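# What the coordinates show
Each chain, letter by letter, is given below.
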There are 2 protein chains.
Amino acid sequence: MLSGKLKKIFGHLDPNNPPIVCPIRDILSSVTDKWSILVLLFLGGHTKLRFNQLKSLIYGISSKSLSEKLKILEKDGYIVREDFLEVPIRVEYRLTSLGLSHLEQLIKIAEWASENMNTIIKNRVNNSHLS
Amino acid sequence: MLSGKLKKIFGHLDPNNPPIVCPIRDILSSVTDKWSILVLLFLGGHTKLRFNQLKSLIYGISSKSLSEKLKILEKDGYIVREDFLEVPIRVEYRLTSLGLSHLEQLIKIAEWASENMNTIIKNRVNNSHLS
DNA sequence: CGGCATCCGAGTAGATACTG
DNA sequence: CAGTATCTACTCGGATGCCG
């Protein structure tokens, strides 16, 4: 039973008195989409990256989505944007200490996903009657 | 530098040869939305829960969204659904061993979010000129 | 180079009502 | 009780084109 931990996480568990700020809904969920996770992982692996480097590494993302995600991550304080005021433009992104600390969790969860993905793919096939 | 870990996670890092299956995009991202995380956390805290119990705990979710998320989690093998074939209907959800192992990561990340949420809320205020 | 503006279609969320 | 059906509103993502 981890109701103790849950209590610590949520503050309390009474649906009739929901917390003002939920750590999952209001803090975490804005950066747990696939693009944000990939941005953070790749920045962790390269210490600093330019916009188009990120865009290449995260194959499939559009400029629009990338710049939106970068803004959210910057606003929450996971990354910093450095504009070198050069021509042509040069901008670099890097993790903050908050971002680095979050990255530790992300790496563990990514490793977990990597180790278990074959199992999950099999589950999807076996459970294709659902959905 | 954690390019070693990244390589282990992604298989390789060459954007010209993207992996067929990306652990983040294709495995993780379907269960990292706020509702799925909350479902898994609450199931972890209660060992088993009925549909409407979950709905009450996860204040704000609709029946429709909850049943959709439950189906995805069941299909990927994180949870099992047990129908007791009683009248009135009784259905219970519980974590599988895969779900339990995933839960360990989730708890750590939830605790991280809980510890850092005040910092992040402050960041959002200070960076409100962005966005 | 590093974006932003615009448009568009697909998917999602929520409210409400209904059912075995 | 545990959902499904339906409808609407809205967001999101991708594509395209442009700009300093």
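Given the structure is predicted, the values throughout are model-derived calculations rather than measurements. (Residues numbered from 1 in each chain as written. Chains lettered and ligands numbered in written order. Predicted model: local features only at pLDDT ≥ 70, side-chain atom pairs only at ≥ 80, totals over all residues. Heavy atoms only, no water.)

## Details of the protein's contact with DNA strand C
Taken together, the neighbourhood of DNA strand C is formed by 15 residues, with Arg50(A), Arg81(A), Tyr93(A), Lys64(B) and Ile89(B) sitting nearest. Counting only the atoms of DNA strand C that lie within 4 Å of the protein, the sugar and phosphate share comes to 64%. Between a phosphate oxygen of DNA strand C and a side-chain N or O atom of Arg50(A), the distance comes to 2.8 Å. Take Ser67(A): an N or O atom from its side chain is 3.1 Å from a phosphate oxygen of DNA strand C. (Near = heavy atom within 4 Å. Polar contact = N/O pair within 3.5 Å; in protein donor to acceptor, adjacent residues only side chain to side chain.)

## Observations concerning the nonpolar core
Ranked by internal contacts, the top residues of the largest apolar core, which has 78 residues, are Leu41(A) and Leu41(B). Apart from the residues within four sequence positions on either side, Leu41(B) is in contact with Leu6(A), Phe10(A), Ile24(A), Leu103(B), Leu106(B), Ile107(B) and Ala110(B). (Core = buried A, V, L, I, M, F, W, Y, C linked by side-chain atoms within 4.5 Å. Buried < 20%, exposed > 50% of the residue type's maximum accessible area, 1.4 Å probe, protein only. Contact = heavy atoms within 4.5 Å.)

## Topic: the interface of chain B and chain A
At the interface, 65 residues of chain B touch 65 residues of chain A. Together, the buried faces of chain B and chain A total about 6300 Å²; carbon and sulfur atoms form 72% of this surface. When the area that chain B buries against chain A is broken down by residue, the three leading residues are Tyr59(B), Lys75(B) and Trp112(B), summing to 12%. Taken together, the links from chain B to chain A amount to two salt bridges. Of the charged contacts, one joins Asp76(B) and Arg124(A) as a salt bridge, the two residues approaching to 2.7 Å between their closest N and O atoms. At the level of elements, helix 1 (3–10), helix 2 (23–28), helix 3 (34–46), helix 4 (51–57), helix 5 (63–76) and helix 6 (97–126) of chain B are the ones that each hand at least two residues to the side of chain B that touches chain A. Sort the elements by how many residues they give to the side of chain B that touches chain A and helix 6 of chain B lands first, with 20 residues. (Buried area = accessible area lost by both parts, 1.4 Å probe. Salt bridge = Lys/Arg side-chain N within 4 Å of Asp/Glu carboxyl O. Helix = DSSP H or I, 4+ residues; strand = E, 2+ residues; numbered from the N terminus.)

## Observations concerning the confidence of the model for chain A
Mean pLDDT over chain A stands at 90; residues scoring 70 or higher make up 91%. Confidence, read as mean pLDDT per element, is least for helix 1 (residues 3–10) of chain A in chain A (74) and greatest for strand 3 (residues 91–95) of chain A (97). (pLDDT = per-residue confidence, 0-100.)

## Side note on the protein's contact with DNA strand D
Near DNA strand D you find 19 residues, and of these Lys64(A), Ile89(A), Arg50(B), Arg81(B) and Tyr93(B) are the closest. Sugar and phosphate atoms represent 64% of those atoms of DNA strand D found within 4 Å of the protein. Within the contact set of DNA strand D, a base oxygen lies 2.5 Å away from a side-chain nitrogen or oxygen of Lys64(A). Val91(B) has a polar backbone atom sitting 3.3 Å from a phosphate oxygen of DNA strand D. At the level of secondary structure, the elements contributing two or more residues to the surface near DNA strand D comprise helix 5 (63–76) of chain A together with helix 4, helix 5 and strand 3 (91–95) of chain B. If you tally residues by element for the surface near DNA strand D, the top one is helix 5 of chain B, at four residues. When the residues that make up the surface near DNA strand D are grouped by side-chain class, the tally is seven nonpolar, five polar and seven charged. (Nonpolar A, V, L, I, M, F, W, Y, C, P; charged D, E, K, R; others polar.)

## Things to note about the packing of aromatic side chains
Evaluated as defined, the whole model comprises two aromatic pairs over all chains. Where Tyr78(A) meets Trp112(B), the ring centres are 6.2 Å apart and the plane angle is 25°; that geometry is what we call stacked. One end of the pair, Tyr78(A), is in the loop between helix 5 and strand 2 (79–83); the other, Trp112(B), is in helix 6, on a second chain. Here the basic side chain of Lys34(A) rests over the ring of Trp35(A), its NZ or CZ set 4.9 Å away from the ring centre. (Phe/Tyr/Trp six-rings, centres within 6.5 Å; stacked < 30°, edge-to-face > 60°. Lys NZ or Arg CZ within 6 Å of the ring centre and 35° of its normal.)

## Structural notes on the relation of the copies chain B and chain A
Rotating chain B by 180° and translating it 0.0 Å along the rotation axis places it on chain A, where the RMSD comes to 0.1 Å. The transformation just described matches what one would write down for a two-fold rotation axis. Considering only C-alpha atoms, the residue of chain B closest to the rotation axis is Thr32(B), which sits at 2.9 Å. The fraction of interface residues of chain B whose copies in chain A are also interface residues reaches 100%, indicating that both copies meet through the same surface. (Least-squares fit on C-alpha atoms with pLDDT ≥ 70 in both.)

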